[in-house]
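An overview of the molecular structure
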Amino acid sequence: MAKSRENTLICLLLDVKEAFDHVTLKQLIKILIKLKILTNLIKWVKCFLQNWVIDLAFDDERQKSKEIITEISQDLSISLILFLIYIQYLFSKIRAKIENLQLLSYIDDVALYVKKRNIDKNVKTLKNAAKVAFTWAKKNAVQFNDSKSELIHFESHKTTLNQMIILLNNMIIKSKTCVRWLEVWLNRKLNFKVHVQTKIATVTRTLHSLFRLMNSEWELNVKSEKQLYLTCITSISNYDVEIWWNNQKAT
């Protein structure tokens with residue numbers, strides 16, 4: 001849509017550092033109270049995040065239970081909900097401070113983007129948004145992973161735009177020609193060629209490994225080969241290994 005309107009879209013990708021490990025109980029309870037969550041539910045959350053114990057078992061021997069200090073366990077479904085509640089005011093804070101800014105997020109992956117014709121204004125808007133985000137994070141015991149912060153211009157120019165953003169901690173984020181977000185590779189022209197090539201390369205490596213295994217001294221039968229093939233391919237994607245783009249198809 002931005003391209004059809006001759007706008008340039010610039011996107012800043014942020015990653016919350018050790019997201020679940022930085023959820024403090026005290027701050028989470030404050031947020032739940034502010035949201036007017038039922039008292040019984042708040043008590044349950046408090047109980048859920050406290051009194052954790054760990055047991056170590058080896059063969060038939062079992063160690064005595066030991067108390068451990070932890071924040072939110074990443075393995076539990078409720079943890080995702082609690083984390084989203086914990087950082088929800090980050091997005092409302094940015095929206096209140098910055099106009100004409102779009103937000104996308106998936107758990108601890110945050111995308112801030114703006115689309116205008118003036119590239120310098122786009123960069124300035126994102127700089128201000130990043131300042132608001134990092135200021136809020138510092139006040140709420142949240143950290144962003146600087147090494148995973150990325151910047152990209154989605155445009156069709158032959159020359160790559162080289163604008164950059166300097167974060168509050170003086171970290172310089174330079175514009176890239178391709179980034180990966182939610183396991184999808186996005187290049188600046190947004191034609192998904194890099195993503196397709198990457199997926200084909202991954203599948204090809206897996207197939208070559210399978211062929212070597214099938215021709216090894218184990219001498220797998222056809223049924224076993226098929227089962228192994230399907231297992232490996234499913235681990236790469238939950239769909240058939242069929243990749244398509246621009247009315248083309250690679251299987």
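Every value quoted in this text rests on a predicted model; they were computed, and no experiment measured them.

Some points on the environment of tyrosine 113
Within the fold, tyrosine 113 resides in strand S7 (residues 109-116). With a relative accessible area of 18%, tyrosine 113 lands in the buried category. Each C-alpha atom, one on tyrosine 113 and one on leucine 103, is 6.6 Å from the other, the two residues being 10 residues apart in sequence. Apart from the residues lying within four places of it in its own chain, the contact partners of tyrosine 113 are Leu9, Ile10, Cys11, Leu101, Gln102, Leu103, Leu104 and Leu126.

Looking at the packing of helix H1 (residues 25-34) against helix H3 (residues 77-97)
Following both chains from N to C, one finds H1 and H3 inclined at 75°, their axes separated by 10 Å at the closest point. Considering their axes alone, H1 and H3 lie roughly perpendicular with respect to each other. Listed contacts from H3 to Gln27, Leu28, Ile31, Leu32 and Lys34 of H1 are Leu82, Ile85, Tyr86 and Tyr89. Its residues assigned to classes, the contact of H1 with H3 comprises 7 nonpolar, 1 polar and 1 charged.

Side note on the packing of aromatic side chains
For the coordinates displayed, the defined rule picks out 2 aromatic pairs. Residues tryptophan 44 and phenylalanine 48 carry aromatic rings whose centres are separated by 5.2 Å and whose planes lie at 10° to one another, so their mutual orientation is stacked. Remark: phenylalanine 48 and tryptophan 44 occur in helix H2 (residues 39-48); sequence separation between them is 4 residues, near one turn of the helix. Overall, the relative accessible area of 43% leaves tryptophan 44 in the partly exposed class. On the accessibility criterion, phenylalanine 48 (15% relative accessible area) is buried. Look at phenylalanine 134 and phenylalanine 144: their rings are 4.9 Å apart centre to centre, the planes differ by 45°, and that puts the pair in the tilted class. Of this pair, phenylalanine 134 sits in helix H4 (residues 119-139) while phenylalanine 144 sits in the loop between H4 and strand S8 (150-154), and the two are 10 residues apart along the sequence. For the pair phenylalanine 134 and phenylalanine 144, one class covers both residues: buried.

Focus on the packing of H1 against H2
Interhelical geometry of H1 versus H2 gives an angle of 165° and a closest axis separation of 10 Å. Between H1 and H2, the interaxial angle falls into the category roughly antiparallel. H2 is crossed by H1, and the crossing has right-handed handedness. Contacts between H1 and H2 involve Leu25, Leu28, Ile29, Leu32 and Ile33 from the first element and Ile42, Val45 and Lys46 from the second. Here the contact of H1 with H2 is built from residues that sort into 7 nonpolar, no polar and 1 charged.

Analysis parameters
- Residues numbered from 1 in each chain as written.
- Predicted model: local features only at pLDDT ≥ 70, side-chain atom pairs only at ≥ 80, totals over all residues.
- Heavy atoms only, no water.
- Helix = DSSP H or I, 4+ residues; strand = E, 2+ residues; numbered from the N terminus.
- Buried < 20%, exposed > 50% of the residue type's maximum accessible area, 1.4 Å probe, protein only.
- Contact = heavy atoms within 4.5 Å.
- Axes fitted to C-alpha atoms, helices over the stretch in contact; angles between N-to-C directions.
- Parallel < 35°, antiparallel > 145°, perpendicular 65-115°, else oblique.
- Nonpolar A, V, L, I, M, F, W, Y, C, P; charged D, E, K, R; others polar.
- Phe/Tyr/Trp six-rings, centres within 6.5 Å; stacked < 30°, edge-to-face > 60°.
- Left-handed = near helix turned anticlockwise from the far one by under 90°.

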